[in-house]
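# Observations on the three-dimensional arrangement
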Amino acid sequence: MTEYALYLESGPRRRKTMVHVLDLVGCIAQGPTTEAALEATPEAICTYLRFLRQHGEAVKPGATFTTVVAAHVMDGTWLGNGDPTPGFDPDFQPLSAGDLRTYLRRLSWMQADLSESIRNVTPKQLLAEPKSGGRSTQRILEHVAESHGVYLRYLVGKVDGLSAALRAVQQNPQALPSALNQVWQTSNSRLEILTETERSQPIPHGQVTWTARRALRRMLEHAWEHLLELSHRLDKTVG
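Residues numbered from 1 in each chain as written. Predicted model: local features only at pLDDT ≥ 70, side-chain atom pairs only at ≥ 80, totals over all residues. Heavy atoms only, no water.

### A word on the sheet that holds strand S3 (residues 27-31)
Taking strand neighbours across the sheet as the criterion, the four strands line up as S3-S2-S1-S4 in an open arrangement whose pairing is mixed. In the strand order of this sheet, the two ends are held by S3 and strand S4 (65-73), each with one partner. Taken over all neighbouring pairs, the strand axes of this sheet differ in orientation by 25° on average, direction set aside. Strand direction decides the pairing type here: strand S2 (residues 17-21) and S3, joined by five bridges, are antiparallel. (Pairing = 2+ DSSP bridges. Helix = DSSP H or I, 4+ residues; strand = E, 2+ residues; numbered from the N terminus. Axes fitted to C-alpha atoms, helices over the stretch in contact; angles between N-to-C directions.)

### Side note on the pairing of S3
Most of S3 sits out of view: four of its five residues are buried. The loop that links S2 with its antiparallel partner S3 comprises five residues; one of these, glycine 26, has a positive phi angle of about 115°. (Buried < 20%, exposed > 50% of the residue type's maximum accessible area, 1.4 Å probe, protein only.)

### Considerations on the pattern of salt bridges
Applying the stated criterion across every chain yields a total of 13 salt bridges. For the salt bridge of aspartate 91 with arginine 217, the shortest nitrogen-to-oxygen distance reads 2.8 Å. With aspartate 91 in the loop between S4 and helix H2 (97-117) and arginine 217 in helix H7 (residues 212-233), this residue pair connects regions lying 126 residues apart in the sequence. With a relative accessible area of 1%, aspartate 91 lands in the buried category. Note on arginine 217: relative accessible area 1%, which makes it buried. Between arginine 119 and glutamate 116 there is a salt bridge, with the nearest N and O atoms lying 2.8 Å from each other. Residues joined in a network through salt bridges with shared partners are Asp83, Asp91, Arg214, Arg217, Arg218 and Glu221. (Salt bridge = Lys/Arg side-chain N within 4 Å of Asp/Glu carboxyl O.)

### With respect to the packing of helix H4 (residues 137-156) against helix H6 (residues 176-192)
Helix packing geometry: the angle between the two helix axes and the distance between the axes. Viewed as axis vectors pointing N to C, H4 and H6 meet at an angle of 15°, and their least axial separation amounts to 11 Å. On the basis of the axis angle, H4 is roughly parallel to H6. Here H4 and H6 pass one another in a crossing that is left-handed. Residues Gln138, Leu141, Val144, Ala145, His148, Leu152, Leu155 and Val156 of H4 form the contact with H6, whose own contacting residues are Leu176, Leu180, Val183, Trp184, Ser187, Arg190 and Leu191. When the residues that make up the contact of H4 with H6 are grouped by side-chain class, the tally is eleven nonpolar, three polar and one charged. (Parallel < 35°, antiparallel > 145°, perpendicular 65-115°, else oblique. Left-handed = near helix turned anticlockwise from the far one by under 90°. Contact = heavy atoms within 4.5 Å. Nonpolar A, V, L, I, M, F, W, Y, C, P; charged D, E, K, R; others polar.)

### Notes on the environment of leucine 194
The residue leucine 194 is located in the loop between H6 and strand S5 (203-205) in this model. Since its relative accessible area comes to 7%, leucine 194 is described here as buried. On a C-alpha basis, the gap between leucine 194 and valine 156 in space is 8.5 Å, while along the polypeptide they are 38 residues apart. Contact partners of leucine 194, with chain neighbours within four places excluded, come to Leu100, Leu155, Val156, Arg199 and Ala212.

### Considerations on the nonpolar core
The biggest cluster of nonpolar side chains holds 64 residues, and the ones touching the most others in it are Leu24, Leu155 and Leu191. In terms of residue count, the dominant contributor to this core is H7 (nine residues). With residues up to four places along the chain from it excluded, the contact list for leucine 191 reads Leu100, Leu104, Leu107, Leu152, Leu155, Leu216 and Met219. In this structure, Ala5, Leu22, Val73 and Phe88 belong to the second largest nonpolar core, which totals six residues. (Core = buried A, V, L, I, M, F, W, Y, C linked by side-chain atoms within 4.5 Å.)

And the structure:
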């Protein structure tokens, strides 16, 4: 039986919590408390496994599994939002060429599904803000693209063509799918050629030490988080 190690981050008094399933990089669960986030974790794992299976990865979404809390970070700033300052121990392991291929394959599936989710959405619908509050679909996708660019720059510095692609995402809702695809293509082309040094070296950035594994983890988790958000909003099934 598979046992998934869970890495938690939460604010003071175990409030807002995010669970990271690093054995399934990209899979997360969230909740207003640690207890709620842990309760949501099994279904989050099943949903992610169904997504991977749907795209051809050899996983078994219906198989029985267990979970164990491997670490719980409660020190630092911006806790419960995806990237605690100290990071997690696995973040600082070198990223193998095989893992890089796996992560990029999963990332490309999420990116394609993000673009597909708005294929028949009108510009008016893209810019409409939910009655319950929150960002428009356009703003969510801008946020996903910009955050993706930030993680990439933390890892490798300036990437030719990335700034222009990100500007295109912001400037023309009618061209949003093609602009997003340009961001994904530009980014993934650079990630595909990460050197062995880039896949293993730590990169200090303010209080945070970045690595290739950490950057790819956040790219995957962030894309997955907002793919689920948009799928719920646009009444589309993921996994």
